[in-house]
Amino acid sequence: MESLIKLRVLGISRSQGFHGAYALLLEQEGAPVHVPIVVGVAEAQAIAISLEGVVPPRPLTHDLFAPIFHAFGIAPERVIITRFEQGMFKASMELLGVDGTAVSLDMRASDAVAIAL
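Residues numbered from 1 in each chain as written. Predicted model: local features only at pLDDT ≥ 70, side-chain atom pairs only at ≥ 80, totals over all residues. Heavy atoms only, no water.

A.B. asks: Looking at this structure, I do not really get the sheet that holds strand S6 (residues 102-108). What am I missing?
C.D. replies: In space, the 3 strands of this open sheet follow the order S4-S5-S6, with antiparallel pairing throughout. Both outer strands of the open sheet, strand S4 (75-85) and S6, are each paired with one neighbouring strand and no more. Within this sheet the neighbouring strands show an average axis-to-axis angle of 25 degrees, counted without direction. Pairing of strand S5 (residues 88-96) with S6 involves 7 bridges; the strand directions are antiparallel. Paired with Leu96 across the two strands is Ala102, which belongs to S6. Its contacts with the sheet put helix H3 (residues 109-116) on S4, S5 and S6, and the angle it makes with S6 is roughly 125 degrees. (Pairing = 2+ DSSP bridges. Helix = DSSP H or I, 4+ residues; strand = E, 2+ residues; numbered from the N terminus. Axes fitted to C-alpha atoms, helices over the stretch in contact; angles between N-to-C directions. Contact = heavy atoms within 4.5 Å.)

Below is the structure:
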């Protein structure tokens, strides 16, 4: 099995390279390595709101996953950035069911981070 590198969300800011987009900045724990990921407006908003601890008056789309996970006893275990392909980061979210069943869902890295937060 490949060894994984643990990253944490450092923050989010406007992308300097892509007009109208944002950059999610990840940082390797214990090392001065940063990974910027270009994200869309909706994902940037969901991530920023979560990082700032703001509770919107109505749930955002990404917020809907938490009550669904809770209702069915699903625990998000981790997000893994699996590859960089054609200018996009691909990721998977590993979930654990109440019966111990593990599932890995393929998704965009920005969605995976927004849902995890």
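Resuming the write-up.
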